[in-house]
Amino acid sequence: MDYEIKTNIELTPDDLAEMYIGWGDDEQAEFLNLIGKSFKEADFNAELQCCYMAGRITKPGKDFIYTLANFIRVQKFTDKSPHFDRLINTFETDGLR
């Protein structure tokens, strides 16, 4: 006999942050890749969403993003500014993965 159990779990940003920190680098990178993919496929203006979000990111978040972005730059990703509605596709046009 098969049983199915369903439950609702409410995860807060704090919960997700703790989960993220507990993952290895492969899982952390995959999570960020999935966020990027979801933004790319969103039915809203993801670049504008990034603009709104940027105003709410505090120093700890900025430090994390800045550190990660510097490592990405070291890997020779483009440093040109994204164009309106092309934020999500900036790296695709350069043949980089």
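Residues numbered from 1 in each chain as written. Predicted model: local features only at pLDDT ≥ 70, side-chain atom pairs only at ≥ 80, totals over all residues. Heavy atoms only, no water.

Peer 1: Would you take a moment to explain the overall build of the chain for this structure?
Peer 2: Tallying secondary structure elements over the chain gives four helices and zero strands in all. Starting at the N terminus, the α and β elements of the chain follow one another as α-α-α-α. In the chain, which comprises 97 residues, the share counted as buried stands at 6%. Pairs at least 24 residues apart make up 39% of the contacts formed inside the chain by residues separated by at least 6 positions. If you sum the accessible surface of the chain, you get close to 8,900 Å²; carbon and sulfur atoms cover 57% of it. (Helix = DSSP H or I, 4+ residues; strand = E, 2+ residues; numbered from the N terminus. Buried < 20%, exposed > 50% of the residue type's maximum accessible area, 1.4 Å probe, protein only. Contact = heavy atoms within 4.5 Å. Areas by Shrake-Rupley, 256 points an atom, 1.4 Å probe, with all protein chains shown as cover.)

Peer 1: I keep staring at a nonpolar patch on the surface and nothing clicks. Help me out?
Peer 2: Together, I9, L11, L16, M19, W23, F31, L32, I35, F64, I65, L68 and I72 make up a nonpolar patch on the protein surface, roughly 1,000 Å² of accessible area in all. Counting only elements with at least two residues in the nonpolar patch, the list comes to helix 1 (13-22), helix 2 (25-41) and helix 4 (59-74). Per-element tally for the nonpolar patch: the top contributor is helix 4, with four residues. Along the chain, M19 falls in helix 1. A relative accessible area of 38% means that M19 is categorised as partly exposed. (Patch = residues over 30% accessible without salt bridge, like charges linked within 9 Å, V, L, I, M, F, W, Y side chains within 5 Å. Salt bridge = Lys/Arg side-chain N within 4 Å of Asp/Glu carboxyl O.)

Peer 1: How do you make sense of the environment of K6 when you look at a structure like this?
Peer 2: Tracing the chain through its elements places K6 in the segment before helix 1. Here the side chain of K6 touches E4 through a polar contact of 3.4 Å, side chain to side chain. (Polar contact = N/O pair within 3.5 Å; in protein donor to acceptor, adjacent residues only side chain to side chain.)

Peer 1: I'm lost on the pattern of salt bridges in this one. Help?
Peer 2: Where charged atoms from two side chains of opposite charge come close, those side chains can pair. Throughout the structure, instances matching the rule amount to three salt bridges. Among the ionic pairs, K59 bridges to D63, the shortest N-O distance being 2.8 Å. With K59 and D63 both in helix 4 and four residues apart, this pair spans about one turn of that helix. A relative accessible area of 36% means that D63 is categorised as partly exposed.

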